[in-house]
Amino acid sequence: TQLFHVLYHSDHNVLLGAPTGSGKTIAAELAIFRLFRERPKDKAVYIAPLKALVRERMEDWKVRIEQKLGKKVVELTGDVTPDMRAIAKADLIVTTPEKWDGVSRSWQTRSYVKAVSLIVIDEIHLLGNDRGPVLEVIVSRTNFISSHTERKVRVVGLSTALANARDLADWLGIVQVGLYNFRPSVRPVPLDVHISGFPGQHYCPRMATMNKPTFQAIKTHSPTKPVLVFVSSRRQTRLTALDLIAFLAGEEDPKQWLHMPETEMENIISGVRDSNLKLTLAFGIGIHHAGLVERDRKITEELFVNSKIQILIATSTLAWGVNFPAHLVVVKGTEYYDGKTRRYVDFPITDVLQMMGRAGRPQFDDQGVAVILVHDIKKHFYKKFLYEPFPVESNLLEVLPDHLNAEIVAGTITSKQDAMDYITWTYFFRRLLMNPSCRVSSHFWERLSSTSPGLCTGTACAPAACSHLHGTNTCSSY
């Protein structure tokens, strides 16, 4: 109700910060419907951070926008790349940040990029993540393009509740109207959160001690309603499921989580390839991770959505991907093994919030419960941050040379002044002004100012022109 007027009756840029499960997708749809009504020949782009989210939107919008409204919806991801004619005919393009970044770099030669009048960015708070710089570059380039072509492109950002929403709003060009930042507690479905700490220095034994409390949480909070258990790895999905089955063996009814005739389940199991999944499904427990074949994953999802099995144990990627109904969410451990640094690191707070948001979805429940099992030394940290708005920082500085090189090659930047202008469009620049000494040394500006004369005079990018920016003697891989 608060956003309807600004989204549907104006062309202002909008930043909406609200908790998971509060209906942000509807806000995106209102902006898209306005575009269809006011400028039916222009295109809208919806950018979601994961392919799984893109797929979810496609399944929904293929029916509601393509079939019902007769508008062409096209998916553009690493898995699905339609030809140029299909994209040119599309009214709505659903894509990932990396794919749209690659496509929009050559905006001068691609008419369909120039025809875009609305960009909706879902989960814009991921700017502070590893993939954040790509989102930042997309918005900066959009603003840069619209300033050069004098053709306004509307940007709608959807996010969780933010601590520094004003900074983001300034970057998106929102002045008086268009900033809506709701507190994390403003949820359409009330959520009870229980945080428990577990001692133990070593990861695997600590995970094992969490299995009994997980079983007890299910018995206490959701004995008959759907339950999602999030773990950090494929191995943990299997170990957790096997331990839950062991605890069920001591119950009067070991198959209490199976809500369909056993003979029917046996027929379904005969078509399942994964041996662990065959065992767990018989007890009403599904496992879900990227290692399953597509058919096994689909079977598990359908059984859970239709309440035939009560428990689904999944890796954290599912939290972003699929809108499953669950009364109870158990986050079993908040660390995962990072192959790059070869150690266990914490999930970003955004991921934990996303997992919690899967509990008590508005269209399915009137109340939700989240149980978070953490290393005891981190218990107070999570108590504080799960209820506080989320601060968003920029991660662009580390990869800025790569992106500048890409823009030079694409012809967007042809002089030193262009490079400076380009940087002023970024969110990094906004944060830099807020706290200059913390972010970057004066050496950075000297390096940028001393780029070779080839760049300053506007000639095409020579290897030397890039070497000052990149620290190598090549034009990177662009």
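Reading the values: rules and limits
- Residues numbered from 1 in each chain as written.
- Predicted model: local features only at pLDDT ≥ 70, side-chain atom pairs only at ≥ 80, totals over all residues.
- Heavy atoms only, no water.
- Helix = DSSP H or I, 4+ residues; strand = E, 2+ residues; numbered from the N terminus.
- Buried < 20%, exposed > 50% of the residue type's maximum accessible area, 1.4 Å probe, protein only.
- Contact = heavy atoms within 4.5 Å.
- Areas by Shrake-Rupley, 256 points an atom, 1.4 Å probe, with all protein chains shown as cover.
- Pairing = 2+ DSSP bridges.
- Salt bridge = Lys/Arg side-chain N within 4 Å of Asp/Glu carboxyl O.
- Axes fitted to C-alpha atoms, helices over the stretch in contact; angles between N-to-C directions.
- Core = buried A, V, L, I, M, F, W, Y, C linked by side-chain atoms within 4.5 Å.
- Arc of directions from axis to C-beta.
- Left-handed = near helix turned anticlockwise from the far one by under 90°.
- Nonpolar A, V, L, I, M, F, W, Y, C, P; charged D, E, K, R; others polar.
- Phe/Tyr/Trp six-rings, centres within 6.5 Å; stacked < 30°, edge-to-face > 60°.
- 1 Å grid on protein atoms, 1.4 Å probe; cavity = no way out; pocket = protein on both sides within 12 Å on 5 of 7 lines; lining within 4 Å.
- Points joined across faces, edges and corners; volume = space filled by probe spheres on them.

(A) Molecular detail of the overall build of the protein. For the protein, the helix and strand inventory stands at 24 helices and 15 strands. Split into buried and exposed, the 478 residues of the protein put 52% on the buried side. Long-range contacts, defined as pairs at least 24 residues apart, comprise 75% of the intrachain contacts of the protein with a sequence gap of at least 6. Total accessible area on the protein stands at roughly 21000 Å², and carbon and sulfur atoms take up 54% of it.

(B) Highlighting the pairing of strand S9 (residues 227–231). Counted residue by residue, S9 has five buried out of five residues, so it is predominantly covered. Where S9 and strand S12 (residues 328–332) come together, four bridges link them in parallel fashion. Bridge pairing in S12 places phenylalanine 230 opposite valine 331.

(C) Highlighting the pattern of salt bridges. All told, the structure shown has 28 salt bridges when counted by the stated rule. In this structure, lysine 51 and aspartate 79 form a salt bridge, with 3.3 Å as the shortest nitrogen-oxygen distance. Residue lysine 51 is located in helix H3 (residues 51–69), and its partner aspartate 79 is located in the loop between strand S3 (73–76) and helix H4 (84–89); the two are separated by 28 residues in the primary sequence. Judged by its relative accessible area of 37%, lysine 51 is partly exposed. Linked through salt bridges whose partners overlap, the residues forming this network are Asp11, Arg34, Arg37, Glu38, Arg39 and Asp42.

(D) Representation of the sheet that holds strand S1 (residues 14–17). Taking strand neighbours across the sheet as the criterion, the seven strands line up as S3-S4-S2-S5-S6-S1-S7 in an open arrangement whose pairing is parallel. Pairing within the sheet leaves two strands with one partner each, and these edge strands are S3 and strand S7 (179–181). Ignoring which end each strand starts from, the neighbouring axes of this sheet average 15 degrees apart. Pairing geometry for strand S2 (residues 43–47) and strand S5 (residues 116–121), over five bridges, is parallel.

(E) Just the sheet that holds strand S15 (residues 368–375), in detail. Strand order across the open sheet formed by six strands is S8-S15-S12-S9-S11-S10, with parallel pairing between neighbours. In this open sheet, the two edge strands, each paired with only one partner strand, are strand S8 (191–198) and strand S10 (285–288). Direction aside, neighbouring strands of the sheet carry axes that sit 15 degrees apart on average. Relative to the sheet, helix H10 (residues 211–221) contacts S8, S9, strand S11 (311–315), S12 and S15, its axis offset from that of S12 by approximately 170 degrees. Across the face of the sheet, helix H16 (residues 349–357) comes into contact with S8, S9, S12 and S15 while running at roughly 145 degrees to S15.

(F) Local environment of the nonpolar core. Of all hydrophobic cores here, the largest spans 97 residues; its most connected members are Trp100, Leu228, Ile285, Ile311 and Ile313. The greatest single-element share of this core, amounting to six residues, is contributed by S15. When sequence neighbours within four positions are dropped, the list of residues in contact with isoleucine 285 reads Ala241, Leu244, Ile245, Leu248, Trp257, Thr280, Ile309, Ile311 and Ile313. Listed in part, the 29 residues of the second largest apolar core include Leu3, Val6, Leu30 and Val156.

(G) View of H10. Listing the buried residues of H10 in full gives Asn211, Thr214, Phe215, Ala217 and Ile218. All buried residues of H10 lie within an arc of 160 degrees about the axis, which places them on one face of the element.

(H) Region of the structure containing unusual backbone geometry. Phi at glutamate 123 takes a positive value of approximately 55 degrees, unusual for a residue other than glycine. Here glutamate 123 lies in the loop between S5 and helix H7 (132–149). On the basis of relative accessibility, which here comes to 7%, the residue glutamate 123 falls in the buried class.

(I) Geometry of the packing of H10 against helix H11 (residues 234–248). It is at 10 Å that the axes of H10 and H11 come closest, and there the two elements cross at 60 degrees. Like other packed secondary-structure pairs, H10 and H11 cross with a definite hand, here right-handed. Note on element contacts: H11 touches H10 through Leu239, Thr240, Asp243, Leu244, Phe247 and Leu248, opposite Asn211, Lys212, Phe215 and Ile218. Residue composition of the contact of H10 with H11, grouped by class: six nonpolar, two polar and two charged.

(J) Here's a closer look at the packing of aromatic side chains. For the structure shown, the criterion picks out nine aromatic pairs. Aromatic side chains tyrosine 203 and tyrosine 344 sit 4.0 Å apart centroid to centroid with 15 degrees between the ring planes, which places their arrangement in the stacked category. Residue tyrosine 203 is found in helix H9 (residues 203–209), and its partner tyrosine 344 is found in strand S14 (residues 343–346); the two are separated by 141 residues along the sequence. Note on tyrosine 203: relative accessible area 8%, which makes it buried. Taking the relative accessible area as the measure of exposure, tyrosine 344 reaches 37% and is therefore partly exposed.

(K) Region of the structure containing empty space enclosed by the protein. Following the criterion strictly, the structure yields two cavities of 30 Å³ or more and no others. In this structure, the largest cavity occupies an estimated 60 Å³ of space. As for the largest cavity, its lining consists of Asp11, Ala31, Arg34, Leu35, Glu38, Arg39, Ser117, Leu118 and Arg154. Where the lining of the largest cavity is concerned, the elements lending two or more residues are helix H2 (24–38) and S5. In the lining of the largest cavity, the residues fall into three nonpolar, one polar and five charged. Estimated volume of the second largest cavity: approximately 50 Å³. Residue lining of the second largest cavity: Ala18, Thr20, Lys24, Glu123, His125, Thr160, Thr350, Leu353 and Gln354, and that is the complete set. When residues in the lining of the second largest cavity are grouped by element, the largest group, three residues, is from H16. Across the lining of the second largest cavity, the residue classes tally to two nonpolar, five polar and two charged.

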